[in-house]
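# Analysis of the macromolecular model
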Amino acid sequence: MSVSGVEHVNGKAGRRLLSSSRRDALTRIAVGVITALILIYILVPVFWMLKSSFQSALEIRANPPIWFPGEPTLKAYEDMDRLIPVWRYLWNSVVVSLIASVIATLIATAAAYVLARFRFPFATLILTLILVTQLIPPITRVFPVYTFIQSLGLLNTYTGLTLAYIGFSLPFAVLLLRGYFETSCPPELEEAAMVDGCSHFSAFWRIILPVSLPGMAAVGIFTFLNAWNDFLWASLLLNQGSMKTIQVGIGDFASEGGGVQYVNLFMAACVVATVPAVIMFLFVQRWLVGGLTAGSVK
Amino acid sequence: MRRETLIFCYAMVAPALIFTILLGIYPMLASIRISFLEYDLLRVHTTGTPWVGFENYLRVFNDPKFLQTVVNTGIFTVLAVSGVISLGLLLSQVLNEDYRGRSVVRLLVCVPWFVPPVVASAIWMWLLNTDRSPINYLLMHWGLIDSNIRFLTDREAWGPFSVPMLSVTAVRIWNGLPFVVIFLLAGLQSIPRSLYEAAEMDGASILQKFRYVTLPLLGPVLGVLLMLLVMTGLGHFEINYIMTGGGPQNLTNTMAIYSYQQAFQNWRFDTAAAASGLILILTGIVCIYYIRGQLKKDVR
Amino acid sequence: MGEVTLTDVRKNYGALEVLHGIDLSISDGEFVVLVGPSGCGKSTLLRMIAGLETTTSGEITVGGRLVNKLPPKDRDIAMVFQTYALYPHMTVADNMGFSLRLRSISKAEIAEKVARAADILDLTPLLQRKPRQLSGGQRQRVAMGRAIVRNPSAFLFDEPLSNLDAKLRVQMRAEIKSLHQRLGTTIVYVTHDQVEAMTMADRIVVMNGGRVEQVGSPLDLYDHPANMFVAQFIGSPAMNVFHGRVSEDQDAVLELEGGGILPLGKRATGAEPGQRISLGVRPENVRLAEEVGTTSVQAKVMVVEPTGAETLVNAVIGQSPVVASVKERLRFNPGEEVPLGFDFGEVHLFDGESGDRID
């Protein structure tokens with residue numbers, strides 16, 4: 001970028017530009033090398049997981065390590081269900097995470113919208129409460145929530161864990177969406193709707209909600225991933241037999257020593273536990289990029 | 001404000017507020033209350049839950065194991081946060097440049113984001129397994145070490161530092177990096193391109209542009225990120241719990257794990273509440289700054 | 001039918017009063033432009049008529065109905081926003097028909113009304129497009145189309161042309177005016193551009209600091225500004241103003257602040273000797289004189305700006321700047337001395353303290 005046009009510059013300024021572009025070249029090389037190293041750090045574990053899931057346990061344990069499967073096999077995927085009820089766990093996780101993220105996003109959108117747009121009494125107090133909640137470390141809430149869910153009789157039910165996830169995802173979702181409404185969703189839209197004949201609620205339902213789908217999708221993914229990745233809450237609220245989420249299932253299998261003995265099955269289960277999140281992301285990425293508000297204003 | 005507008009506003013925030021209070025504010029207050037009670041789950045039906053004042057806190061502070069976890073948590077937080085932010089700053093710069101294949105690199109950097117902490121721990125446990133670690137094999141192969149590093153089991157400690165602590169921190173950084181990169185990238189994209197062009201006209205090098213344009217303008221974003229990371233760091237649980245269970249010899253134990261073990265292994269909800277109360281105080285200090293910043297932004 | 005009246009309308013934000021009692025009566029079919037510098041309260045006032053801002057006190061009526069407490073949807077008004085505010089997820093046709101759909105009007109009737117409006121605005125080929133596929137001028141037209149399908153008591157326009165480029169703005173100006181002539185619906189139009197106000201309005205309301213400075217037809221404001229503010233706000237290039245004191249020694253002479261004197265001509269009537277006054281004269285009423293005499297003074301040329309149609313001569317009299325707009329294509333060297341004369345029939349005098357017109 002800065003290199004172009006150097007030859008037209010004479011004298012001191014020219015030399016300064018040149019030397020700075022030489023320094024820049026060094027910087028670029030250094031940055032490139034470090035980036036490559038970081039990419040290795042980022043990708044090797046994922047690669048290790050993937051390739052191991054196509055190997056036999058023996059081959060994974062081999063010394064020196066075998067980085068590329070000699071005879072790639074799907075055996076691990078075929079066999080894993082016998083030791084870990086992966087599909088059942090996966091289903092549990094999908095149900096809980098999906099319901100929690102959809103409900104949390106809807107509730108958060110409603111709250112974020114009025115908190116961003118209207119100055120009503122106690123708005124600041126409500127916002128502060130929500131902010132505070134986001135900042136309470138989960139561990140300090142574990143025991144009371146555990147007893148609370150227990151007292152509702154919802155221990156080891158989808159409902160119990162779903163409720164917990166909604167509660168914990170809400171604050172961050174509200175904050176993100178409030179920012180979204182303030183920056184990306186012009187107030188003239190609902191004003192136009194109100195003049196056109198909408199009440200507050202129908203303006204929200206018919207105009208704001210469809211227009212903010214990209215923002216909601218982003219927040220939805222976020223809450224989905226939070227719920228999907230969670231181990232702490234699931235290990236307490238939904239940990240009996242076939243009701244386990246995939247994370248708890250994998251964690252328990254590992255802590256029972258299965259991760260070493262049946263490492264190929266275990267790695268296959270890990271892949272299965274990772275894939276839905278990736279699909280989720282790729283699926284919604286289209287919306288994130290879409291930029292639906294383009295053209296409504298200016 | 002019109003009455004129907006008011007009704008609309010309260011109707012819209014009500015569900016979020018109810019959830020927040022029931023699953024956020026109330027449990028926090030309840031936890032604080034428990035920390036002043038005797039609450040031993042094994043004896044609760046005979047003794048009840050009598051008020052004991054600061055006894056739980058005193059007991060926790062007289063437990064050398066707990067004091068060690070406080071130090072561990074501090075070290076872990078500082079290492080993980082500074083590591084993830086410096087790597088994040090570098091990567092977000094790289095991802096913000098224009099070059100061919102950028103979108104592929106972006107996707108690759110995001111990959112660990114989709115790996116759940118449990119799975120991340122599981123993979124790394126294998127990669128860091130003393131005897132079969134491919135990392136050990138490569139280091140040995142290149143002649144860099146002459147005996148296997150015991151990544152997760154070495155008991156030797158230099159003050160609060162130890163090999164297992166560093167290993168666990170590296171896994172945490174690995175798992176948390178994509179979020180930080182994306183967060184910073186969003187911040188970078190809000191910096192107008194013309195500022196860089198102006199700096200270039202003034203003869204600034206890449207490093208100078210970073211130092212005099214990027215860093216100052218990224219300041220607010222970095223501040224928010226720093227506080228979020230410190231707070232999650234102080235309450236960190238999953239990776240350490242799964243990979244080492246806090247061991248060996250308590251070297252990677254954090255306050256959150258201590259609290260969890262007290263509650264669900266020893267069934268001492270009171271001790272657990274006192275320990276988590278201390279986490280709450282620590283995060284509360286950070287939290288006050290964070291909220292002040294957020295509300296100041298609100299005034300516009 | 002479409003009268004809009006404001007009676008002692010006030011607006012407070014907390015302890016801060018931003019509109020200090022506005023009285024205005026707009027008759028049916030009138031095109032009224034609210035004009036003023038930014039922050040003068042004109043947009044707030046329009047939004048209060050629309051119902052998008054609450055009214056602290058006073059009364060607003062639309063079509064004879066008191067609307068203070070009514071939500072926007074029940075006021076029978078339509079609004080065109082500066083940013084157009086088209087619904088990005090709807091087609092042009094859906095955008096235009098949205099308000100009718102909310103009123104549960106039959107699909108066929110909506111289609112017919114939208115088609116008619118589209119025809120008026122040349123939007124027919126664009127009806128199935130989404131807003132993001134339209135140019136700025138087209139979006140502007142859709143925003144107007146959305147307003148006219150409803151056939152409301154009054155249209156409210158909030159700086160509708162400020163996001164368009166200069167050429168399109170001139171074109172849309174004429175289109176809005178001809179649309180008004182065709183539909184005959186009351187229009188309340190807010191702008192900060194006095195040229196827009198002058199060219200489009202039946203009546204202009206000049207606002208400043210939350211107050212109405214003057215209400216009148218464009219030419220009325222131009223020829224008889226009620227005070228200094230209106231005099232300087234209306235007209236481009238702005239009116240020349242000289243501050244000074246009416247001489248006590250000589251008849252009909254203004255002693256300028258910063259030195260120099262200016263003949264006052266016959267217009268000195270009304271001003272007392274010794275009174276501090278401001279004299280205003282529009283650039284087109286300043287001409288080059290043959291020589292310095294009783295009706296002309298010596299000025300020093302600073303800059304000459306030819307615009308093609310006319311030449312703007314920027315000069316100073318003593319320390320006071322003056323602009324003359326002349327038809328001739330003249331060349332001066334900077335620093336050259338020229339005699340300037342005023343058309344004293346067109347000179348305006350204002351009180352030096354209050355800024356009010358002296359007649």
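Up top is the structure these notes are about.
Throughout this description, residue numbers start from 1 for each chain and increase along the sequence as written. Note on labels: chains are lettered from A, ligands numbered from 1, in written order. Predicted model: local features are reported for residues with pLDDT of at least 70 only, side-chain atom pairs are reported and counted for 80 or more only, and whole-chain, interface and lining totals are derived from all residues. The basis for every side-chain value is the complete set of non-hydrogen atoms in the structure, without hydrogens or water.

### Concerning the overall build of chain A
From N to C terminus, chain A includes 14 helices and 0 strands. Under the scheme applied here, a residue whose accessible area is under 20% of the maximum for its type counts as buried, over 50% as exposed, and between as partly exposed, the area being computed with a 1.4 Å probe on protein chains only. Across the 298 residues of chain A, 57% fall into the buried class. Residues are treated as being in contact if the distance between any of their heavy atoms lies within 4.5 Å. The contacts in chain A between residues at least 6 apart in sequence include a share of 73% that link residues at least 24 apart. Carbon and sulfur atoms provide 67% of the accessible area of chain A, an area that totals close to 12,500 Å². Helix numbers and strand numbers start at the N terminus; a helix is a DSSP run of H or I with at least 4 residues, a strand a run of E with at least 2. Where accessible areas are quoted, they stem from the Shrake-Rupley method and a 1.4 Å probe; at the residue level, only the protein chains shown are allowed to cover.

### Quick look at the side chain of aspartate 40 of chain B
All names here are of chain B. Position of aspartate 40 among the secondary structure elements: in the loop between helix 1 (3–34) and helix 2 (44–47). Here aspartate 40 falls in the buried class, since its relative accessible area comes to 9%. Once residues within four sequence positions are removed from consideration, aspartate 40 is found in contact with Trp267, Arg268 and Asp270.

### Section: the interface of chain B and chain A
Between chain B and chain A, the contact holds 92 residues from the first and 97 residues from the second. Defined in terms of a 1.4 Å probe, buried area is the accessible area two parts forfeit on being brought together, summed over both. Interface area for chain B against chain A, summed over the two sides, is near 8,400 Å², with a carbon-plus-sulfur share of 79%. Three residues, Leu23, Phe114 and Trp126 of chain B, lead the burial of chain B against chain A; their summed loss comes to 9% of the area buried on that side. For salt bridges, the criterion is a side-chain nitrogen of Lys or Arg within 4 Å of an Asp or Glu carboxyl oxygen. Viewed at the interface, chain A and chain B are joined by 0 salt bridges. Two N or O atoms count as a polar contact when they lie within 3.5 Å, although within protein this holds only if one can serve as hydrogen donor and the other as acceptor, and sequence-adjacent residues are included solely when both atoms are side-chain atoms. Summed over the shared surface of chain B and chain A, the number is 11 residue pairs in polar contact (both at pLDDT 80 or more). No other element matches helix 1 of chain B, which puts 22 residues into the side of chain B that touches chain A.

### Some points on a nonpolar patch on the surface
All names here are of chain A. Residues Leu98, Ile99, Val102, Ile103 and Leu106 make up a contiguous nonpolar surface patch of roughly 390 Å² in combined accessible area. Tracing the backbone shows leucine 106 in helix 4 (residues 86–117). Leucine 106 sits in the partly exposed class, given a relative accessible area of 44%. Surface patches are drawn from residues lacking salt bridges whose relative accessible area is over 30%; two like charges belong together within 9 Å, two nonpolar side chains (Val, Leu, Ile, Met, Phe, Trp, Tyr) within 5 Å.

### Observations concerning the state of the cysteines
Note on terminology: disulfide denotes any pair of cysteine sulfur atoms within 2.5 Å. Within this structure, the stated rule accounts for 0 disulfides over all chains. Not engaged in a disulfide, the cysteine cysteine 198 of chain A finds its nearest cysteine sulfur in cysteine 185 of chain A; these two sulfurs lie 13 Å apart.

### Focus on a negative patch on the surface
All names here are of chain C. On the surface, a cluster of negative charge is contributed by Asp220, Asp223, Glu284 and Glu346. When you line up the elements, aspartate 223 lands in helix 7 (residues 218–223). Since its relative accessible area comes to 39%, aspartate 223 is described here as partly exposed. His is not counted, nor are the chain ends; Lys and Arg add positive charge and Asp and Glu add negative charge. By convention, charge coordinates are those of NZ in Lys, CZ in Arg, CG in Asp, or CD in Glu.

### Here we look at the pairing of strand 10 (residues 211–216) of chain C
All names here are of chain C. Pairing geometry for strand 9 (residues 203–208) and strand 10, over 5 bridges, is antiparallel. Its bridge partner being in strand 10, methionine 207 is matched across the sheet by valine 212. In this description, strands pair whenever DSSP reports at least two bridges between them. Where strand 9 hands over to strand 10, the hairpin turn is made up of 2 residues, of which glycine 209 adopts a positive phi near 55°.

### Quick look at the nonpolar core
Nonpolar cores are built from buried Ala, Val, Leu, Ile, Met, Phe, Trp, Tyr and Cys residues. Side-chain atoms within 4.5 Å join them into one set. Counting 218 residues, the largest nonpolar core has Tyr113, Val114, Phe120 and Trp233 of chain A together with Phe264 of chain B as the members making the most contacts within it. The element best represented in this core is helix 4 of chain A, accounting for 15 residues. In this structure, valine 114 of chain A is in contact with Phe120 of chain A together with Phe8, Cys9, Met12 and Val13 of chain B, ignoring residues within four places of it in sequence.

### A closer look at unusual backbone geometry
Residues and elements named next belong to chain C. The omega torsion across serine 236 and proline 237 is -5°, close enough to zero to call that bond cis. Even without glycine at this site, tyrosine 84 takes up a positive phi of about 70°. Mapped onto the elements of the fold, tyrosine 84 is located in the loop between strand 6 (77–80) and helix 2 (92–102). Classification of tyrosine 84 by relative accessible area gives buried; the value is 1%. The phi torsion at serine 104 lies on the positive side, around 50°, for a residue other than glycine. Residue classification places serine 104 among the exposed positions, given a relative accessible area of 65%.

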